[in-house]
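Spelled out, the chains give:
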Amino acid sequence: MELELQYTELSCCEAGESVTLTQEEALEAAIPEYCPEVTRIVDAVGQLCLREYTSRQISGSVLVTVLYTSEESPGLRSLTLPVPFLTQADDKRLTGCDTVCMAGRLLLTEARAVTGRKLYLRVMPELTLTGYTCRRHRICTGVGEEPTLRLHRQEQSLTLLTSVTQRQSSVTQELQPQDWGEPPEELLAQRICPRITGSQPVGSRLLAKGEARICLLYRTQDGSLHTWEDTLPFSCLLDGLTVPEEAQVTVTGSCGTARLIRSDGAAAIGVELTLSLLVRTYETVTVAPVTDLYSTRWDTALQRQSLTLTETWPPETVQPEVHQELESRPFL
């Protein structure tokens, strides 16, 4: 006796094996004429800016901020220079993926003075690519009518990853600090750490809300160093996304810059953020797959098949913080 099996289809995205690439770039850069000559380099920090993944290539740059002293000018000076890079990502493990998402971090940032007017910069970004493939799975949830058949079902609630999209968005805002103390003469170093706090679908758009923690090191007119911290709320609209309420948005990469804006004797901060956002959409379904069956009249032979669903729950993210001391002053 043959039975007509009844199936329920599940659609979900499965993450493949991540591909990690390391790229080393170096260049010699001339110091602009408006900057004093370099006498001693105090520190160099880098900020990774990923642009896009196209045709199996990753393009981006590293913004290197060099803190240095000069005999031509008292106090600490600052200079920011870009180091562009282009990485080949021709890996067979990414072939056939419907979506490829990228993230990265900096392993090394180095700066040396070649001459008083020339710097040698060396950076080493580590790039991680993860491919996602859309798959359909069939689960047996019943059989045709047969009065002698007895079924055992086990009801389960599953949260499935149904879509993955990576988008870039830009945010520009202005801050008017009220607690400067002495007004800044020059911004020396900065750290802007954004995170998404919530999202909300608006028609065919997705509104992502978040906050960026801004930490600045600046020099006043008398040469003394000061730090300033604040949290900047922001929001951005992502077009062409029709997602349910339970969509999850995370920041996989960001590049932020802050600059001084002077007007009427007051100093404000202009913040520009370029965010790489990963949008994951989840759907909760309830299924009752057949776990066992037998007949009261006929001998039955049951063949079982195991099914593993990956990426079935929103992952947790961890935000690390590192504190440094620069000339006995803490800087996050």
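For every chain, the first residue of the written sequence is number 1, and numbering continues from 1 onward in sequence order. The predicted origin of the model limits local features to residues at a pLDDT of at least 70 and limits the giving and counting of side-chain atom pairs to 80 or more, whereas totals for whole chains, interfaces and linings rest on all residues. Note: side-chain values were computed over all heavy atoms of the structure, leaving out hydrogens and water.

Participant: An account of the overall build of the chain is requested, with residue identities and associated values reported.
Facilitator: Helix and strand definitions here come from DSSP, where helices need a minimum of 4 consecutive H or I residues and strands a minimum of 2 consecutive E residues; each element is numbered from the N-terminal end. What the chain contains, in helices and strands, is zero helices and 18 strands. Both definitions apply: the radius of gyration is a C-alpha atom measure, and the globule rule equals 2.2 Å times residues to the power 0.38. Whereas a compact globule of 332 residues would reach a radius of gyration of roughly 20 Å, the chain reaches 27 Å, over 25% beyond that. Only protein chains enter the area calculation, which uses a 1.4 Å probe; residues under 20% of their type maximum are buried, those over 50% are exposed, and those in between are partly exposed. By residue count, 42% of the 332 residues in the chain fall in the buried class. Within the chain, counting contacts between residues at least 6 apart in sequence, those at least 24 apart form 76% of the total. Residue burial considers only the protein chains on display, and all accessible areas are found by Shrake-Rupley using a 1.4 Å probe. Summed over its atoms, the accessible surface of the chain is roughly 18700 Å², and 44% of this surface lies on carbon and sulfur atoms. Every residue pair with non-hydrogen atoms within 4.5 Å of one another is taken to be in contact.

Participant: Account for the state of the cysteines, with residues named and values stated.
Facilitator: Cysteine sulfur atoms are paired as a disulfide whenever they fall within 2.5 Å. The final tally for this structure, using the stated rule, is one disulfide. Between the sulfur atoms of Cys49 and its disulfide partner Cys255 the distance amounts to 2.0 Å. Across the S-S bond of Cys49 and Cys255 the torsion is about 45°, and the bridge reads as right-handed. Residue Cys49 is found in strand 4 (residues 40–54), and its partner Cys255 is found in strand 14 (residues 248–263); the two are separated by 206 residues along the sequence. The burial state of Cys49 is the same as that of Cys255; both residues are buried. With no disulfide of its own, Cys12 has Cys13 as its nearest cysteine by sulfur position, at a separation of 7.1 Å.

Participant: Could you give me a rundown of the side chain of Ser295, with the residues and numbers involved?
Facilitator: Among the structural elements, Ser295 can be located in strand 16 (residues 290–295). A relative accessible area of 11% places Ser295 in the buried class. At 3.2 Å, the side chain of Ser295 forms a polar contact with the side chain of Thr148. Those residues in contact with Ser295, other than ones at most four positions away along the chain, are Thr148, Leu149 and Thr300. We define a polar contact as two N or O atoms separated by no more than 3.5 Å, with the added condition that, inside protein, one atom must be a possible hydrogen donor and the other a possible acceptor, whereas residues neighbouring each other in sequence contribute only through side-chain atom pairs.

Participant: Give me the lowdown on the pattern of salt bridges, citing residues and values where you can.
Facilitator: Two side chains with opposite charge may pair up if their charged atoms get near one another. A pairing counts as a salt bridge when a side-chain nitrogen of Lys or Arg comes within 4 Å of a carboxyl oxygen of Asp or Glu. The tally for this structure, following the rule as stated, stands at 14 salt bridges. Taken together, the shared-partner salt bridges in this structure form one network comprising Glu24, Glu110, Arg112 and Arg122.

Participant: Pulling in residues and values, what's your account of the sheet that holds strand 13 (residues 225–239)?
Facilitator: Read across the open sheet, the three strands follow the order 11-12-13; overall the sheet is antiparallel. Looking at the sheet topology across the chains shown, the edges are occupied by strand 11 (186–202) and strand 13. Taking the axes of each pair of neighbouring strands and ignoring which way they run, one obtains an average angle of 15° across the sheet. Bridging between strand 12 (residues 205–219) and strand 13 involves 15 bridges; their strand directions are antiparallel. Bridging from a neighbouring strand, Cys215 pairs with Glu229 of strand 13. Pairing between strands requires that DSSP locate at least two bridges from one strand to the other. In this description, a line fitted to the C-alpha atoms serves as the axis of each element, helices being fitted only across the stretch in contact, and the angle between N-to-C directions of two axes falls anywhere from 0 to 180 degrees.

Participant: How would you summarise the nonpolar core if you had to cite specific residues and measurements?
Facilitator: Residues belong to a common nonpolar core when they are buried Ala, Val, Leu, Ile, Met, Phe, Trp, Tyr or Cys residues joined through side-chain atoms within 4.5 Å. Ile214, Leu216, Ile269 and Leu273 are the most contacted members of the largest nonpolar core, which has 29 residues in total. At the level of elements, strand 10 (156–175), strand 11, strand 12, strand 13, strand 14 and strand 15 (266–287) are the ones that each hand at least two residues to this core. A per-element tally of this core places strand 15 first, with seven residues. If you look at the next biggest cluster of nonpolar residues, it comprises 28 residues, including Ile31, Val38, Leu50 and Leu129.

Participant: Describe a nonpolar patch on the surface, naming the residues involved and giving the relevant values.
Facilitator: On the surface, Leu3, Leu5 and Tyr7 cluster together to form a nonpolar patch covering roughly 240 Å² of accessible area. Looking at where Leu5 falls in the secondary structure, it is placed in strand 1 (residues 5–15). Every patch collects residues that have over 30% relative accessible area and no salt bridge, joining them within 9 Å if they carry like charges and within 5 Å if they are nonpolar side chains (Val, Leu, Ile, Met, Phe, Trp, Tyr).

Participant: Tell me about the pairing of strand 12, and please be specific about residues and values.
Facilitator: Judged by how many residues are buried, strand 12 sits mostly within the fold: 11 of 15 residues are covered. Sheet analysis places strand 11 next to strand 12, joined by 15 bridges and oriented antiparallel. Along strand 12, the bridge assignment pairs Arg191 with Cys215. Joining the antiparallel neighbours strand 11 and strand 12 is a turn of two residues, in which Gly203 adopts a positive phi near 65°.

Participant: So what's going on with the sheet that holds strand 5 (residues 57–70)? Which residues, and what values?
Facilitator: With antiparallel pairing, the three strands of this open sheet are ordered in space as 4-5-6. Both edges of this open sheet fall to strand 4 and strand 6 (73–88), since each of them pairs with a single strand only. If you compare each strand with its neighbour and ignore which way they point, the axes differ by 15° on average. Inspection of the sheet shows strand 5 paired to strand 6 by 14 bridges, in the antiparallel sense. Pairing of Leu67 across the sheet is with Ser78, part of strand 6.

Participant: Residue-level account of the packing of aromatic side chains, with values.
Facilitator: Given two aromatic rings, one states the distance between the centres and the angle between the planes to describe the pair. Two aromatic rings from Phe, Tyr or Trp, using only the six-membered ring of Trp, form a pair when their centres are within 6.5 Å; if the ring planes differ by under 30 degrees the pair is stacked, by over 60 it is edge-to-face, and anything between is tilted. Tallied over the full model, the rule gives zero aromatic pairs. Only Lys NZ and Arg CZ are tested; either one counts as a charge over a ring when it is within 6 Å of the ring centre and within 35 degrees of the ring normal. Cation over ring: Arg138 sits above Tyr7, and NZ or CZ is 3.9 Å from the ring centre.

Participant: Would you mind going over the environment of Cys35 in detail, with residue names and values included?
Facilitator: Along the chain, Cys35 falls in the loop between strand 3 (25–30) and strand 4. The exposure class of Cys35 is buried, given its relative accessible area of 8%. Separated by 38 residues in sequence, Cys35 and Ser73 place their C-alpha atoms 9.4 Å apart. Contact partners of Cys35, with chain neighbours within four places excluded, come to Tyr68, Leu79 and Arg117.

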